[in-house]
Amino acid sequence: MTGPHLIYVADPMCSWCWGFSPVISQITQQFGSSLPIRLIMGGLRPGTTEPLDEKGKRTIREHWDHVHSASGQPFDMAFFDRQGFVYDTEPASTAVVVVRRSGMDGALAYLERVHRAFYAENRDVTSIEVLTELAEQAGADREEFSDALRSSEAQQEVWSDFTISR
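My aim in this report is to walk through the structure given alongside it, one point at a time.

### Some thoughts on the packing of helix α1 (residues 15-31) against helix α2 (residues 54-71)
Two numbers describe how α1 lies on α2: the axes approach to 9 Å, and their chain directions differ by 10°. Put simply, α1 runs roughly parallel to α2. The element α1 and its partner α2 pack so that their crossing is right-handed. On the side of α1, the interface is formed by Ser15, Trp16 and Gly19, while α2 contributes His63, Trp64, His66, Val67, Ala70 and Ser71. Across the contact of α1 with α2, the residue classes tally to four nonpolar, five polar and no charged.

See below:
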């Protein structure tokens, strides 16, 4: 990306990013192509393998309560009834990177859709199937997206984003 642009480091499973989503939409609407947004995946919890325990659930719920209070964004608190959920942000981040290949506008819209699916609809966005369904709803070819999501190139690209954000 050349010229002035806004670098937005976000994660599809970051509650504050979900809270900030309406602001990013307003920036896009107000400034359009005069201030394009470069989306980089932040890597909140990539590669997590341990299920979320009760202490972790309490901490995350506090964040969600704060984000809801500050932003008004909806949250489906039934998420905290899940047992054995592994809060691995890598699959959702990789999915956004795959969509980003077709353009930043589509990536920003897909990021918002993944946020909404996770936070407001209590969908499991660590699931390749759910991420593929969301991409298909956004117009992606199901098989092509699924193949790209599983590719080593996508893994390298998302980990490059994580490195940049750090």
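### Regarding the packing of aromatic side chains
Any aromatic ring pair is given by two values, namely how distant the centres are and how the planes are angled relative to each other. One pass over the structure, following the stated rule, counts 18 aromatic pairs. With centroids separated by 6.0 Å and ring planes inclined at 80°, the aromatic side chains of Trp64 and Phe118 adopt a geometry described as edge-to-face. Pair noted here: Trp64 is in helix α2 and Phe118 is in helix α4 (residues 104-119), with a separation of 54 residues, a long-range link. Trp64 sits in the buried class, given a relative accessible area of 0%. Every member of this aromatic cluster is reached through a ring pair, and the members are Trp18, Trp64, Phe75, Phe79, Phe80, Phe85, Tyr87, Phe118 and Tyr119. Arg45 extends its terminal NZ or CZ atom over the ring of Tyr87, reaching a point 4.5 Å from the ring centre.

### Concerning the side chain of Lys57
Tracing the sequence through the fold places Lys57 in helix α2. Apart from the residues within four sequence positions on either side, Lys57 is in contact with Leu52, Phe80, Arg82 and Gln83.

### A short note on the environment of Leu134
Summarising the element assignment, Leu134 is placed in helix α5 (residues 128-137). Considering only alpha carbons, one finds Leu134 and Leu111, 23 residues apart in sequence, at a separation of 10 Å. The residues touching Leu134, leaving out its near neighbours within four places in the chain, are Tyr110, Arg113, Val114, Ala117, Arg123 and Val125.

### Considering the packing of α5 against helix α6 (residues 142-149)
One way to put it is that α5 packs onto α6 with a least axis distance of 9 Å and a crossing angle of 135°. By the angle between their directions, the pair α5 and α6 is classed as oblique. Helix-helix and strand crossings are classified by hand; for α5 and α6 the assignment is right-handed. Between α5 and α6, the residues in contact are Ile128, Glu129, Leu131, Thr132, Glu133, Ala135 and Glu136 and Arg142, Phe145, Ser146 and Leu149, respectively.

### Re the pairing of strand β1 (residues 6-10)
Sheet topology places β1 next to strand β2 (residues 37-41); five bridges connect them, and they run parallel. Bridging across to β2, Val9 finds its partner in Ile40. At this point the chain moves from β1, through α1, to the parallel β2, and the crossover so formed is right-handed.

### Quick word on α5
Residues Val130, Leu131, Thr132, Leu134 and Ala135 constitute the buried set of α5. Residues of α5 that are buried in the fold lie against α3 (90-100), α4 and α6. Phi turns positive, to about 105°, at Gly139, one or two residues after α5.

Rules used throughout
Residues numbered from 1 in each chain as written. Predicted model: local features only at pLDDT ≥ 70, side-chain atom pairs only at ≥ 80, totals over all residues. Heavy atoms only, no water. Axes fitted to C-alpha atoms, helices over the stretch in contact; angles between N-to-C directions. Helix = DSSP H or I, 4+ residues; strand = E, 2+ residues; numbered from the N terminus. Parallel < 35°, antiparallel > 145°, perpendicular 65-115°, else oblique. Left-handed = near helix turned anticlockwise from the far one by under 90°. Contact = heavy atoms within 4.5 Å. Nonpolar A, V, L, I, M, F, W, Y, C, P; charged D, E, K, R; others polar. Phe/Tyr/Trp six-rings, centres within 6.5 Å; stacked < 30°, edge-to-face > 60°. Buried < 20%, exposed > 50% of the residue type's maximum accessible area, 1.4 Å probe, protein only. Lys NZ or Arg CZ within 6 Å of the ring centre and 35° of its normal. Pairing = 2+ DSSP bridges. Right-handed = clockwise from strand over helix to strand, strands pointing away.

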